[in-house]
Amino acid sequence: MDTRFWLIQTFNGVSYGALLFLVGSGLSLIFGVMRIVNLAHGSYFLLGGYVMERVFLRPLGFDPLRQVLLTVGFAFLLQQAALDIWSGNNFDISPPAALTRSVVLGGLYLPLYRVFMIAVALAIGLALWLTMEKTRLGATIRATVDDAQMARGVGIDTSFISMLIFALGAFLAALGGVIGGAFLGIYPGLDFEMLPIAFAVVIIGGMGSLGGAAIGALLVGLADNFGKALFPEVSYFTLYAPMALILAVKPTGLFGRE
């Protein structure tokens, strides 16, 4: 294996990690602010490829068991709806013609669409960081994450913040589906394939941490790509073993809030 192999596999892993960041960051924000275990998150990704918070989730409060039952029920309903609307056939989605070319960098031919995915993830990540760290809205979100009861005590509308973050998380997952559709294809069951990978990103990065989600997505993307390239027979092990180790050693994740 020469240097070109390692560079190409690294680029592929980073581009896949960029897609996972869009999905994982939304899931991380939803749990960090609302403490909701949202098992329907992968369905937002699926529907993005082809107003449940206020009515259904909010009345449950922080009850993980009810959250799991409700959101997994929605996941099955949304999956069946996608099957009824778009049938069970696989869809190969072609990217815009301008993004079908390759760019040459250091003698390597890199698909322009993968470069586009990385650029979108960087832009979204920068916008989220600036919002969270440099604006009043970001300060109220951080306050809600740290102590929702205290935030309510100083006049922050935590109900609005929760609704906003849920909508943002769903939007990021759907955006990931729109972008990832031309990369992965769209087919029934994709939502349940993406869901554990998104949880791996969040577990490694920590709940409610955008920086952690970015690093977690990069690590998962690289582990998945190199695992399939070098050890295809045990690629699932190479993907999930680091997550299990981190979960056993530090349950909040490497970069999560204590």
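All of these numbers come straight from a predicted model, not from anything done at the bench. Starting afresh in each chain, residues are numbered from 1 along the sequence in its written order. Only residues with pLDDT of at least 70 get local features here, since the model is predicted, and only at 80 or more are side-chain atom pairs given and counted; chain-wide, interface and lining totals rely on the full set of residues. Excluded from the side-chain calculation are hydrogens and water; included are all heavy atoms of the structure.

Chemist: Break down the pattern of salt bridges for me, with residues and values.
Modeler: A pair is scored as a salt bridge if a Lys or Arg side-chain nitrogen falls within 4 Å of a carboxyl oxygen belonging to Asp or Glu. Tallied over the full model, the rule gives one salt bridge. Note that K228 and D224 form a salt bridge whose closest N and O atoms lie 3.4 Å from each other. Separated by four residues within a single helix, K228 and D224 lie in helix α10 (residues 210-230), roughly one turn from each other. Numbering of helices and strands runs from the N terminus, with a helix taken as a DSSP run of H or I at least four residues long and a strand as a DSSP run of E at least two residues long.

Chemist: Outline the environment of A143, supporting the account with residue identities and numerical values.
Modeler: The topology assignment puts A143 in helix α6 (residues 136-146). Look at A143 and you get partly exposed, because its relative accessible area is 27%. Each C-alpha atom, one on A143 and one on T158, is 9.3 Å from the other, the two residues being 15 residues apart in sequence. Note on contacts: a residue pair qualifies if any of its non-hydrogen atoms lie within 4.5 Å across the two residues. Once you skip the residues sitting within four places of it in the chain, A143 turns out to touch A148, A151 and I156. For every residue, the accessible area obtained with a 1.4 Å probe (protein chains only) is divided by the maximum for its type, and the residue is called buried under 20%, exposed over 50%, and partly exposed between those limits.

Chemist: Explain the nonpolar core to me, using residue names and the numbers behind them.
Modeler: Ranked by size, the top nonpolar core spans 51 residues in total, and within it L20, I124, I179, I197 and V220 carry the most contacts. Where this core is concerned, the elements lending two or more residues are α1 (3-34), β2 (108-111), α5 (112-134), α6, α8 (158-184), α9 (190-205), α10 and α11 (235-249). With eleven residues, the top contributor of residues to this core is α9. Setting aside residues up to four positions removed in sequence, I124 forms contacts with L22, L172 and L175. Residue types Ala, Val, Leu, Ile, Met, Phe, Trp, Tyr and Cys, when buried and joined through side-chain atoms within 4.5 Å, form a set referred to as a nonpolar core.

Geometric descriptors of this kind do not, in isolation, establish any biological role.
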